[in-house]
Every structure is written in C-alpha cells, then in structure tokens.
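Below, each chain spelled out in residue letters.
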Amino acid sequence: SSGINAEYGVVFGATWAFRNWTEAVEDCASKGLELAMPKNDAENEELRADLEKSFLTHPNAAKFAHENWCWLGASDEEEEDVWRASLDNSILEYYNWDKKQPDNKPAVDETFPESQNVAGIHRGTGRWDDSYKHYQRPYACLCAPQDK
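In this text the structure is predicted, and so the values were computed from the model without any measurement.

A. Region of the structure containing the side chain of Glu 34. Its location among the elements puts Glu 34 in strand 2 (residues 34–35). Among the residues examined, Glu 34 registers a relative accessible area of 16% and is labelled buried.

B. Quick look at the pairing of strand 7 (residues 137–142). Judged by how many residues are buried, strand 7 sits mostly within the fold: six of six residues are covered. Of the two faces of strand 7, both are covered, the one formed by Arg 137, Tyr 139 and Cys 141 as well as the one formed by Pro 138, Ala 140 and Leu 142.

C. A look at unusual backbone geometry. Going from Gln 101 to Pro 102, the amide bond is cis rather than trans, its omega being -5 degrees. Position of Pro 102 among the secondary structure elements: in the loop between strand 4 (84–85) and strand 5 (118–122).

D. Spotlight on the state of the cysteines. This model, assessed by the stated rule, comprises one disulfide. The side chain of Cys 28 participates in a disulfide bridge whose partner is Cys 141; the two sulfur atoms lie 2.0 Å from each other. Disulfide Cys 28-Cys 141: torsion about the S-S bond near -90 degrees, hence left-handed. A residue pair is termed long-range when its members are at least 10 positions apart, and Cys 28 in helix 1 (residues 21–30) and Cys 141 in strand 7 qualify at 113 residues. We note that Cys 28, like Cys 141, is buried. Cys 143 forms no disulfide, and the closest cysteine sulfur to it belongs to Cys 141, at a distance of 7.4 Å.

E. Here's a closer look at the packing of aromatic side chains. The full count for this structure, using the stated rule, is eight aromatic pairs. Aromatic side chains Phe 18 and Phe 64 sit 4.4 Å apart centroid to centroid with 50 degrees between the ring planes, which places their arrangement in the tilted category. Residue Phe 18 is located in strand 1 (residues 12–19), and its partner Phe 64 is located in the loop between helix 2 (41–57) and strand 3 (69–75); the two are separated by 46 residues in the primary sequence. Since its relative accessible area comes to 43%, Phe 18 is described here as partly exposed. Geometrically, the ring pair formed by Tyr 94 and Trp 128 is edge-to-face, given 5.7 Å between the ring centres and 80 degrees between the ring planes. Placement of the pair is Tyr 94 in the loop between strand 4 and strand 5 and Trp 128 in strand 6 (residues 128–131), with a sequence separation of 34 residues.

Basis of the calculations
- Residues numbered from 1 in each chain as written.
- Predicted model: local features only at pLDDT ≥ 70, side-chain atom pairs only at ≥ 80, totals over all residues.
- Heavy atoms only, no water.
- Helix = DSSP H or I, 4+ residues; strand = E, 2+ residues; numbered from the N terminus.
- Buried < 20%, exposed > 50% of the residue type's maximum accessible area, 1.4 Å probe, protein only.
- Disulfide = S-S within 2.5 Å.
- Phe/Tyr/Trp six-rings, centres within 6.5 Å; stacked < 30°, edge-to-face > 60°.

As structure tokens, then:
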C-alpha cells in the first residue's frame, strides 16, 4: 500500500481471496494491520473506492466478479445489536447500514448454528449488511499510516 496517496488519510489494501470472517480478521492481524472498519463517511467512501480500484486492476479480482460483498471488522456476536470493532472490541460509533439492515437472519442449519453476527460492505454502494461469519469473502486491511 506504499506510494498510494489516500485522499482521506487512510488507505485500504484488498485481499482477493475467499476467507471466512475469522480468517480475514486473523490475516490482517498477522500483518500487524486491522480488518477494514471505517470510522466515518469519508473512510467508508475511501474503502469503497479502494476496493473498486483494486477490483478493476488486481489480477486475482476477476474471480470475484459475482462477489460484491467484502468483510468489515465488526461483530455483534457478544451482544445482539451492539456492534463492536474486531480490533479492540470497542462499540462502533459509525454505521452505514443498507436499508432494512442489520436484520440478524437466523442460523442456516445445525452445521452453522449462528445468526448473522458479522458485517460486510458492498463494494459498489459502500452500504453495510450483517452476514454469517462462515461465508467466504474477500476483504481489505487498513494499511499502516505512511508517516510511521
């Protein structure tokens, strides 16, 4: 992510690989980064723009033409409707939910007994949806600030 001038002071590096939510959180953490979690409209728009830019240029992205959703570092697993950041478990103060979201759809079956407890962002609209954490999706890590 070096050499990119982020308009809003943040930049997100997309990973075009199918991983479930937990794996995405762990992959970003293993690089000393955090799974993308916008804190305001400007960061949300930067994430959407970075995902779209990466989607159009990354050699791996073509496989994801039918996958519009990417993971966000947010979960309400601990307490329903209390959305927390995966990085430090702090309660979110910013949301960009799509219409009628989050809707906490029930568990699919016994194999995946959880309801929709994690969040994703639509790379086209920037709107959020709650989702099942076993889904396999691409994601982005928040890149380290360039001045550090």
